[in-house]
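Listed below, chain by chain, are the residues.
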Amino acid sequence: MRKPFVAGNWKMNTDSRSGVELAERIASGSAQTAGQEVTVAVCPPFVYLQAVAKALSASSIAVGAQDIYFEPKGAFTGEISTSMLKDVGCCYCLCGHSERRHVLGESDELINKKVTAAIAGGLLPILCVGELLEEREASQTNEVVTRQVKEGLAGLSAEKIPAVTIAYEPVWAIGTGLTATPQQAQEVHDFIRKLLAEMYDEEIAGEIRILYGGSVKPGNAADLMGRQDIDGSLVGGASLKADDFLAIIQAAV
Ligand code: PEP
């Protein structure tokens, strides 16, 4: 049985005061559910990770980073390693978010190095995959997602793969207010689970959580997460409003 998982991606938002306040409100509003019935994580900007982790230390809400670098240390100006993230209280990290793929030009090969380094360093990666609008319109969704999943997880053994969560985020639905219908999302989640079964086996595929992301809001969360293969949400905009994020957590239970 897969426990639902709701993660908030704060992107390049908040400041030290508002980030801590948001975390505190989420923690107090989800004290009955977070951890027991639903896994909850928030991914603040790097510079606020430590303060947010401290604010959440008495709660069951985990902290994640929005990215990592795959090298352990050294001359990589501006980058942040797995051990640094663990040191400030991170459990999770996003890898291959669409904004990193399409705004910052990250390749599947680089994303695979990040996923591999995250697991080696004891973080739990959330591998983000999803097609552009033109790819969906050209009926290439399955092809794109297959490449991103296969290349993103390349070289990971069956022992390592349970550390991974996948987030299916159609790029055309991220931050646009457009949402995949529950039916469209379920079709891709089902496709990804079958792909994982081919790459590993049915049992492993049945254990990996696949989150949906793309304009998830209190009004559509229950319908999306009610589908068989949609195990939770990766939430951007709505995770910046405590009441909305709490309603989405509640919808996952
Ligand atoms: C995201 O940042 O991963 C995301 C899904 O954003 P939004 O919920 O704002 O579409």
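Residues numbered from 1 in each chain as written. Predicted model: local features only at pLDDT ≥ 70, side-chain atom pairs only at ≥ 80, totals over all residues. Heavy atoms only, no water.

A. Representation of the site of the ligand in the model. Inspection of the region around the ligand gives 14 residues, with Lys11, Glu169, Gly175, Ser215 and Gly236 positioned closest. Here an oxygen atom of the ligand sits 3.2 Å away from a polar atom, N or O, in the side chain of Asn9. The contact in question runs from an oxygen atom of the ligand to an N or O atom on the backbone of Gly237, over 2.8 Å. A total of 290 Å² of accessible area belongs to the ligand in isolation, and the protein chains cover 97% of it. Split by residue class, the shell around the ligand holds four nonpolar, eight polar and two charged. (Near = heavy atom within 4 Å. Polar contact = N/O pair within 3.5 Å; in protein donor to acceptor, adjacent residues only side chain to side chain. Areas by Shrake-Rupley, 256 points an atom, 1.4 Å probe, with all protein chains shown as cover. Nonpolar A, V, L, I, M, F, W, Y, C, P; charged D, E, K, R; others polar.)

B. How the structure looks around the environment of Ala205. Residue position: Ala205 is located in helix H9 (residues 202-207). Linking Ala205 and Leu195, residues 10 residues apart in sequence, is a C-alpha distance of 8.2 Å. (Helix = DSSP H or I, 4+ residues; strand = E, 2+ residues; numbered from the N terminus.)

C. Fine view of the pattern of salt bridges. Tallied over the full model, the rule gives 15 salt bridges. A salt bridge links Glu131 to Arg136; the shortest N-O distance between them is 2.7 Å. With a relative accessible area of 22%, Arg136 lands in the partly exposed category. Close ionic contact of Asp190 with Lys194 constitutes a salt bridge, the shortest N to O distance being 2.9 Å. Highlighted residues: Asp190 and Lys194, both in helix H8 (residues 182-199), separated by four residues, approximately one helical turn. For Lys194, a relative accessible area of 52% translates into the label exposed. (Salt bridge = Lys/Arg side-chain N within 4 Å of Asp/Glu carboxyl O. Buried < 20%, exposed > 50% of the residue type's maximum accessible area, 1.4 Å probe, protein only.)

D. Focus on the pairing of strand E5 (residues 124-129). Of all six residues in E5, five are buried; the element is thus mostly enclosed. In terms of strand pairing, strand E4 (residues 92-95) meets E5 through four bridges, oriented parallel. For Tyr92, the partnering residue across the bridge sits in E5 and is Leu124. Across four bridges, the pairing between E5 and strand E6 (residues 165-168) is parallel. Residue pairing across strands places Ile126 opposite Thr165, the latter belonging to E6. (Pairing = 2+ DSSP bridges.)

E. How the structure looks around a negative patch on the surface. A surface patch of negative charge is lined by Asp201, Glu202, Glu203 and Glu207. Turning to its location among the elements, Glu207 is positioned in helix H9. (Patch = residues over 30% accessible without salt bridge, like charges linked within 9 Å, V, L, I, M, F, W, Y side chains within 5 Å. Lys, Arg positive; Asp, Glu negative; His and termini not counted. Charge placed at Lys NZ, Arg CZ, Asp CG, Glu CD.)

F. How the structure looks around the nonpolar core. Among the nonpolar cores identified, the biggest contains 67 residues, and Ile26, Leu153, Ile166 and Ile192 are the most heavily contacted of them. When sequence neighbours within four positions are dropped, the list of residues in contact with Ile192 reads Val129, Val145, Val149, Ile166, Tyr168 and Ile210. Counting 12 residues, the second-largest nonpolar core is a separate cluster that includes Phe5, Cys43, Ala62 and Leu234. (Core = buried A, V, L, I, M, F, W, Y, C linked by side-chain atoms within 4.5 Å. Contact = heavy atoms within 4.5 Å.)

G. Layout of the pairing of strand E2 (residues 39-43). For E2, the buried fraction is high: five of the five residues fall into the buried class. Across the two faces of E2 the burial is the same, with Thr39, Ala41 and Cys43 and Val40 and Val42 all buried. Across five bridges, the pairing between strand E1 (residues 5-9) and E2 is parallel. When the sheet's bridge partners are listed, Asn9 is paired in E2 with Cys43.

H. View of unusual backbone geometry. Its identity as a non-glycine residue notwithstanding, Lys11 has a phi of 50°, on the positive side. For Thr14, which is not a glycine, the phi torsion comes out positive at approximately 80°. With respect to the secondary-structure elements, Thr14 resides in the loop between E1 and helix H1 (16-29). Here Thr14 falls in the partly exposed class, since its relative accessible area comes to 28%.

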